[in-house]
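# Coordinate inspection notes
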Amino acid sequence: MTQIDAPDLVLQPVSVTRKMAASLPGLRDLAQSKGLKIHHLGAGYPHPEVTDPRGFLEHQQAYFDHVIEEEGLNDPEAVPEILRESFSYTDTLGPKTTRAAFAAVYGSDWGVEMDPDRLIPTVGATGGINLICSLFERPGKPVGYITDAPTYAGFTARAGLCQHARIFSVDMDEEGAVPDRFREQIRSAREQGFFVPFYYTVPDGHNPAGFSFSQARREKLLDIAREERILIVEDAPYVYINFASEGDRPSPFFAMAPEQTVHLFTGSKIGFPGPRVGFLYTAADLTIAGGETVSLSEMALTEASSDVLFQNPQALRGFEALLHDENFKLRESMWPLAEAKLSVYRENREIILSILERELGAYPEHFEWTTPGAGFFSVFSFLKPDTATDDAFVEKLVSEYGIVVIPMYDFYPADARERNPGAGLNQLRLSFCFSESTGDARRRDLTEAVEALCTAVKKESNL
Ligand SMILES: Cc1ncc(COP(=O)(O)O)c(C=O)c1O
């Protein structure tokens, strides 16, 4: 007998990444007992080489000192405003200075006139996903979420928390979600009685699909979203972790149609994940109960005010410091910040793609992999039906070859696996963002990791 009856609650399935994390120490020991080196191609974390906080902390302190100096306090006993603000309860919108700085710099980078009062601070992009989901789940009626197959595991996990929400997933080709399938899924959800508020996607550096949507595809999807009157929730952690040259970068949805888009920015990849800085931005209006028109940001603010309520003002002011250069001048662009990170990711991407090509380019009928325009991942596919990338296969890669990768099948929503029980079962997600080493050791470790993977897949494919 338990203490509490909660017959309507269901236990959410454990994600494959969590399962992997749990089984990894044992598999690792097994691999190491055989004298194997552990090769990291699994973790989706920012690289330690570009997330050393010490330089940032110095800059943050200097920026705070500068702000205090600017305040020009005469009384040496008086507590400076920025200190008081950083350690007090703040508004749900967080410090205005941070939003104003971010709206100016980010808006200029993407050609959008951003209203700082429509920027809702969130606890990373994760908090943005949560906020937009809970807003539309509030009425308690069946909600249909349209997303890609495969899609980001954090979105599936969040959608799974709502027992009256169901995912309707859209298959993708090499340009992005397939337009006809997109429209069909919106209509199918509606026919089954679901309210469809939005389509959730990661158009730049898709996690886990390992590519960026083409410009033409974005335009088609946007046309459909407009015709069908649904929002596009654009999760954008990798817009700056971008490998395309300036003229070739596709446009984020919020730059094409801010009134149709909910844009989720995060400081996790351009800055640091720990401080949990993010913003939800939208210029959309909604027609709500009684035919009233309200701005979605207003609705989101109300939702946030009973959820997070008080943002972390110090983390936000720290992010504001990042938006100012070493002379405390507001940056004209965030691209120079990105460039510091890109030096490592660009090099890692080149290592992984060039070794895959060198070692496996002769077997186009056996293997293929995506070329990421942005982000941290490439998806590797086995084209012959004899290899199933299930848990047993992935565990074998660790225990017999020391290689850590993530299988793709779990990133396919349940409906995609019903349509195709083999979905993702020939794919692995390779990440090139993380290793424990830095500099030359990083280059060497990643090179060895990709070479080990190539050897393993050839052996497993009897080549
Ligand atoms: C697509 C996507 N969304 C959201 C997140 C989580 O971001 P945050 O740290 O801002 O919560 C990640 C992180 O890996 C991601 O890849």
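Here the structure is shown first, and the text comes after it.
Residues numbered from 1 in each chain as written. Predicted model: local features only at pLDDT ≥ 70, side-chain atom pairs only at ≥ 80, totals over all residues. Heavy atoms only, no water.

### Observations regarding the overall build of the protein chain
Looking only at helices and strands, the protein chain features 15 helices and 16 strands. Against the compact-globule benchmark of 23 Å for 463 residues, the protein chain has a radius of gyration of 23 Å, which places it among compact chains. Its C-alpha atoms give the protein chain principal-axis dimensions of about 75 × 60 × 55 Å. Measuring between centres, the 43 positive side-chain charges of the protein chain sit 4 Å from its 68 negative side-chain charges. (Helix = DSSP H or I, 4+ residues; strand = E, 2+ residues; numbered from the N terminus. Rg over C-alpha atoms; globule rule 2.2 N^0.38 Å. Lys, Arg positive; Asp, Glu negative; His and termini not counted. Charge placed at Lys NZ, Arg CZ, Asp CG, Glu CD.)

### Brief notes about the site of the ligand
Not every one of the 13 residues close to the ligand is listed here, only the nearest: Ala 125, Thr 126, Asp 235, Tyr 238 and Thr 266. Within the contact set of the ligand, a nitrogen atom lies 2.5 Å away from a side-chain nitrogen or oxygen of Asp 235. Within the side chain of Tyr 238, one N or O atom sits 2.7 Å away from an oxygen atom of the ligand. Computed on the free molecule, the ligand has an accessible area of 390 Å², of which 90% lies beneath the protein chains in the complex. (Near = heavy atom within 4 Å. Polar contact = N/O pair within 3.5 Å; in protein donor to acceptor, adjacent residues only side chain to side chain. Areas by Shrake-Rupley, 256 points an atom, 1.4 Å probe, with all protein chains shown as cover.)

### So, helix H1 (residues 16-33)
A turn of α-helix holds 3.6 residues, and therefore any two residues three or four places apart point the same way. Look at H1: 25 Å from first C-alpha to last across 18 residues, which is about the 26 Å you get at 1.5 Å a residue. Maximal helix bending in H1 amounts to about 45°, located at Leu 24; proline Pro 25 follows within four positions. For H1, the complete set of buried residues consists of Val 16, Met 20, Leu 24, Leu 27 and Ala 31. Summarising the contacts, the buried residues of H1 are in contact with helix H13 (391-401), strand S14 (403-404) and strand S15 (406-407). (Expected span 1.5 Å × (residues − 1). Bend = angle between axes of the 7 residues up to and from the residue. Buried < 20%, exposed > 50% of the residue type's maximum accessible area, 1.4 Å probe, protein only. Contact = heavy atoms within 4.5 Å.)

### Comments concerning the sheet that holds strand S8 (residues 261-266)
Strand order in the open sheet formed by eight strands is S2-S9-S8-S7-S6-S3-S4-S5, and the pairing between neighbours is mixed. Where the open sheet ends on each side, the last strands, each with one partner, are strand S2 (119-123) and strand S5 (176-177). Bridge count between strand S3 (residues 143-149) and strand S6 (residues 198-201): two bridges; the pairing is parallel. By the bridge assignment for S6, Ile 146 is matched with Tyr 199. (Pairing = 2+ DSSP bridges.)

### Here we look at unusual backbone geometry
Cis geometry marks the peptide bond from Ala 149 to Pro 150; its omega dihedral reads 5°. Its location among the elements puts Pro 150 in the loop between S3 and helix H6 (153-160). Here Asn 207 and Pro 208 are connected by a cis peptide whose omega angle stands at 15°. Secondary-structure assignment places Pro 208 in the loop between S6 and helix H8 (215-228). One non-glycine residue with positive phi stands out, namely Arg 229, at about 60°. In this structure, Arg 229 sits in the loop between H8 and strand S7 (231-235). Using a relative accessible area of 68% as the deciding quantity, one classes Arg 229 as exposed. The phi dihedral of Arg 276 falls on the positive side, at around 55°, and the residue is not glycine.

### As for the pattern of salt bridges
This structure, assessed with the given rule, holds 34 salt bridges. For the salt bridge of Glu 228 with Arg 187, the shortest nitrogen-to-oxygen distance reads 2.7 Å. Of this pair, Glu 228 sits in helix H8 while Arg 187 sits in helix H7 (residues 179-191), and the two are 41 residues apart along the sequence. Salt-bridge contacts for Glu 347 lead to Arg 443; the nearest nitrogen and oxygen are separated by 2.7 Å. Residue Glu 347 is found in helix H12 (residues 335-360), and its partner Arg 443 is found in helix H15 (residues 439-460); the two are separated by 96 residues along the sequence. Of the residues examined, Glu 347 reaches a relative accessible area of 27% and is grouped as partly exposed. Taken together, the salt bridges that share partners define one network made up of Glu 49, Glu 347, Asp 440, Arg 442 and Arg 443. (Salt bridge = Lys/Arg side-chain N within 4 Å of Asp/Glu carboxyl O.)

### A few points about the pairing of strand S9 (residues 277-282)
It is a general feature of regular strands that their side chains alternate between the two faces of the sheet. With six of six residues buried, S9 is to be regarded as a mostly interior element. Taking every second residue as pointing to the same face, both faces of S9 are buried, with Val 277, Phe 279 and Tyr 281 on one and Gly 278, Leu 280 and Thr 282 on the other. Sheet analysis places S2 next to S9, joined by five bridges and oriented antiparallel. Looking at S9, one finds that Ile 120 is bridged to Leu 280. As paired elements, S8 and S9 share five bridges and run antiparallel to each other. For Leu 264, the partnering residue across the bridge sits in S9 and is Leu 280.

Worth remembering: the numbers are spatial, not functional.
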